[in-house]
Amino acid sequence: MPRRQAIFLDRDGTLMEEVNYCNDPATVQAIPGAGEALSLLREQGWLTVIVTNQSGLAKGLITPAQYEAVNAELLRQLGGGIDAIYFCADHPDQPTERRKPQPGMLHEAALDLEIDLSSSWMIGDKPIDVECGRNAGCRTMLVRTGYGSAQSNTDADFVMKDVTEALQRILTLGE
Ligand SMILES: [Mg+2]
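Read on for an overview of the structure. From a predicted model like this one, the values you see are computed outputs, not experimental measurements.

A short note on the overall build of the chain
Along the backbone of the chain there are six helices and six strands. Listing each helix as α and each strand as β along the chain from the N terminus yields β-α-β-α-α-β-α-β-α-β-β-α. Its C-alpha atoms give the chain a radius of gyration of 15 Å, near enough to 16 Å, the size a compact globule of 175 residues would have. For the chain, the spread of C-alpha atoms along the three principal axes comes to 40 × 35 × 30 Å. Contacts in the chain between residues far apart in sequence, at least 24 positions, make up 66% of those at least 6 positions apart.

Here's the deal with the environment of Val-19
Relative to the elements of secondary structure, Val-19 occurs in the loop between β1 (6-9) and α1 (34-43). Counting along the chain gives 129 residues from Val-19 to Gly-148, while the straight-line C-alpha distance between them is 14 Å. The contact partners of Val-19, leaving out residues within four places of it in the chain, are Asp-12 and Thr-27.

With respect to the pairing of strand β4 (residues 121-124)
The alternating pattern of β4 places Trp-121 and Ile-123 and Met-122 and Gly-124 on opposite faces, both of which are buried. Bridging between β1 and β4 involves three bridges; their strand directions are parallel. Pairing of Leu-9 across the sheet is with Ile-123, part of β4. Pairing of β4 with strand β5 (residues 139-143), which is carried by four bridges, proceeds in the parallel orientation. In the sheet register, Met-122 faces β5, and the bridge partner there is Thr-140. This β-α-β element, β4 to helix α5 (residues 127-135) to β5, shows right-handed connectivity.

What about the pairing of strand β2 (residues 47-53)?
Within β2, six of the seven residues are buried, leaving the element largely enclosed by the surrounding structure. Of the strand pairs in this sheet, β1 and β2 are connected by four bridges, and their pairing is parallel. From the neighbouring strand, Phe-8 faces β2, where its bridge partner is Val-49. Since β1 and β2 lie parallel, the crossover through α1 that links them has a hand, and here it is right-handed. Looking at chain direction, β2 and strand β3 (residues 84-88) are connected through five bridges and run parallel. Paired with Val-51 across the strands is Tyr-86, a residue of β3.

Overview of the environment of Trp-121
As for its position among the elements, Trp-121 is in strand β4. Judged by C-beta crowding, with 25 C-beta atoms within 10 Å, Trp-121 ranks as buried. Setting aside its immediate chain neighbours within four residues, Trp-121 contacts Ile-7, Phe-8, Cys-138, Arg-139, Met-141 and Ile-170.

Topic: the sheet that holds β2
Pairing is parallel in the open sheet, where six strands are placed in the order β3-β2-β1-β4-β5-β6. Edge positions in the open sheet fall to β3 and β6 (158-160), since each of these has one partner strand only. The average angle at which neighbouring strand axes cross in this sheet is 20°, direction not considered. Inspection of the sheet shows β5 paired to β6 by three bridges, in the parallel sense. Within β6, the position partnered with Met-141 by the bridge is Phe-158. Packed on one face of the sheet, helix α4 (residues 104-113) meets β1, β2 and β3 and runs near 150° to β3. On top of the sheet, helix α6 (residues 163-173) reaches β1, β4, β5 and β6; it is set at about 135° to β6, its chief contact.

Cut-offs and rules
Residues numbered from 1 in each chain as written. Predicted model: local features only at pLDDT ≥ 70, side-chain atom pairs only at ≥ 80, totals over all residues. Helix = DSSP H or I, 4+ residues; strand = E, 2+ residues; numbered from the N terminus. Rg over C-alpha atoms; globule rule 2.2 N^0.38 Å. Contact = placed C-beta atoms within 7 Å. Buried ≥ 20, exposed ≤ 12 C-beta atoms within 10 Å, placed from the backbone. Pairing = 2+ DSSP bridges. Right-handed = clockwise from strand over helix to strand, strands pointing away. Axes fitted to C-alpha atoms, helices over the stretch in contact; angles between N-to-C directions.

Here it is as structure tokens:
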């Protein structure tokens, strides 16, 4: 059985508008058009996987229930369209190999879901997302939403206006 291709997506500032330490589902705003693009990609066989650093959990700024409620609201607004979610609650002062830019979450997903990392994509709004994708051997896109609007220098393979445009580019490339 051939390994599958995945699109790894950062959550805050990428799939939804940036909210610092988001702990309230009422503040969740998915990027317009992202849900439709994700559905089209899944119909073509892509796996869609969220990989998110959530140090607010370690800092006590977000409770596990709040984290889950925010995810649920985002998925509701996206109309589903996500195969799996991996999160890292590490405190930045004591990061493990799972906290982006380390590639641990991508390696974990690759094992769980039989993903071919070298033909997969990582999309995010921060240099650590691009670095994480590179560390895992994925292709990378930086989006200009969230913190991405402030990034002038990036070694991402593509820089896109937002996640919807990024996903549409992958649909067009077809690989
Ligand atoms: Mg982000």
